[in-house]
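# Chain and residue survey
Listed below are the residues making up each chain.
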Amino acid sequence: MAESLGLIIGISFWVVFPVAFPLTSWALGRWYQGRLMEALVANEKAHGTILQSDRFSSTTSKMDNMAATSATLLHVSICVGPSIGQMFLMWIKGIFGGRLQSYDAVLDFGRREVLFRLKQQADSFGCTSMQNIRLETSVVSFSKSGNDRRGTSVEFLAFATGIRQ
Amino acid sequence: MQPAPTIALHMSNVETIPGKTITASLGLVTGSTVRAKHIGKDIFAGLKNLVGGELKQYTELLNESRNEAIQRMMMQAHTMGANGVVNVRFATSNVAAGASELFCYGTAVVVE
């Protein structure tokens, strides 16, 4: 009896844990990232977004240049990564291919957050408009062991020229 | 290494410095830094990976390093006798496992 109980515990440890751990991580990650996204949406509503405004553009503007008194370089970066559970599910999804929704959400969050922070930085430097807004994406992995992809995260860098008028 | 003295130059990532006039162009200046996180913070970030989202440790590290790269670029421009850098660009590359290179470059100019 005790032996079979031990066997059951042993099997469930090796079967349940590898499945339950990513699922727990996925559920926790979903909840946590949902909260981050809610906070970002609330912030965007309260302070305004950089998008769809003629004061913030990804080109240069002669009109702005003429009115400018001074300019400064603004740059913000943010590192985001999916949770272990999401990566596990993405790996499964990768077998069939198709849209990876959880990764979509992570990258969307990162990009919107970095643009929001760029606007905040512009406000704190007293800039009323921004020109030549550039967004760059790069993969950073600080994991010390070579092929370990668990430490992989995505860095978003936003930089622009802030104009004071 | 001695900490670089903080200097502030006019900088922009467009071809001019809005509100100022460029009188001379002095050529390309660059600044770069390679950084790795100490293993304790790495482990902490690994734990943070359980839920995903923003990895503040790495954000901090990259911001610090980028500021250092900019500082070095400004030092170079300063020693050339420039007081501004235009068309500043950034590049990030993963040079080795656990390390990242942050690079920035621009054109040193004299403005008034």
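All values reported here derive from a predicted model rather than from experimental measurement.

### Section: the overall build of chain B
Scanning chain B from terminus to terminus reveals 2 helices and 5 strands. Taken from N to C terminus, the helices and strands of chain B fall in the order β-β-α-β-α-β-β. Within chain B, buried positions represent 46% of all 112 residues. Summarising the internal contacts of chain B: among those between residues at least 6 apart in sequence, 76% fall at separations of at least 24. As displayed, chain B offers around 5,300 Å² of accessible surface, 58% of which is attributable to carbon and sulfur atoms.

### What to know about the packing of aromatic side chains
The full count for this structure, using the stated rule, is 3 aromatic pairs over all chains. The ring of B:F90 is capped by B:R66, whose NZ or CZ atom sits 5.6 Å from the centre of that ring.

### Focus: the sheet that holds strand β1 (residues 10–11) of chain B
Residue and element names in this part refer to chain B. Here 4 strands make up an open sheet; going across it, the order is β1-β4-β5-β2 and the pairing mixed. Two strands bound the open sheet, and with one partner strand each, they are β1 and β2 (22–36). Across 9 bridges, strand β4 (residues 84–96) lies against strand β5 (residues 99–111) in antiparallel orientation. Residue A91 lies in a different strand from β5, and its bridge partner there is F103. Taken strand by strand, helix α2 (residues 56–79) contacts β1, β2, β4 and β5, and its axis lies near 145° from that of β2.

### Considering unusual backbone geometry
With phi around 55°, A:N132 is a residue other than glycine that occupies positive phi space. You can see A:N132 is positioned in strand β2 (residues 129–141). Phi angles above zero are rare outside glycine, and B:N87 is one such case at about 55°. Along the chain, B:N87 falls in strand β4.

### Some points on the packing of helix α1 (residues 2–47) of chain A against helix α3 (residues 84–96) of chain A
All names here are of chain A. At a closest axis distance of 6 Å, the pairing of α1 and α3 adopts a crossing angle of 115°. α1 and α3 meet at a crossing whose hand is left-handed. Contacts from F21, P22, S25, W26 and Q33 of α1 reach α3 at I84, G85, Q86, F88 and L89. Of the residues assigned to the contact of α1 with α3, the class counts are 6 nonpolar, 4 polar and no charged.

The rules we used
Residues numbered from 1 in each chain as written. Chains lettered and ligands numbered in written order. Predicted model: local features only at pLDDT ≥ 70, side-chain atom pairs only at ≥ 80, totals over all residues. Heavy atoms only, no water. Helix = DSSP H or I, 4+ residues; strand = E, 2+ residues; numbered from the N terminus. Buried < 20%, exposed > 50% of the residue type's maximum accessible area, 1.4 Å probe, protein only. Contact = heavy atoms within 4.5 Å. Areas by Shrake-Rupley, 256 points an atom, 1.4 Å probe, with all protein chains shown as cover. Phe/Tyr/Trp six-rings, centres within 6.5 Å; stacked < 30°, edge-to-face > 60°. Lys NZ or Arg CZ within 6 Å of the ring centre and 35° of its normal. Pairing = 2+ DSSP bridges. Axes fitted to C-alpha atoms, helices over the stretch in contact; angles between N-to-C directions. Left-handed = near helix turned anticlockwise from the far one by under 90°. Nonpolar A, V, L, I, M, F, W, Y, C, P; charged D, E, K, R; others polar.

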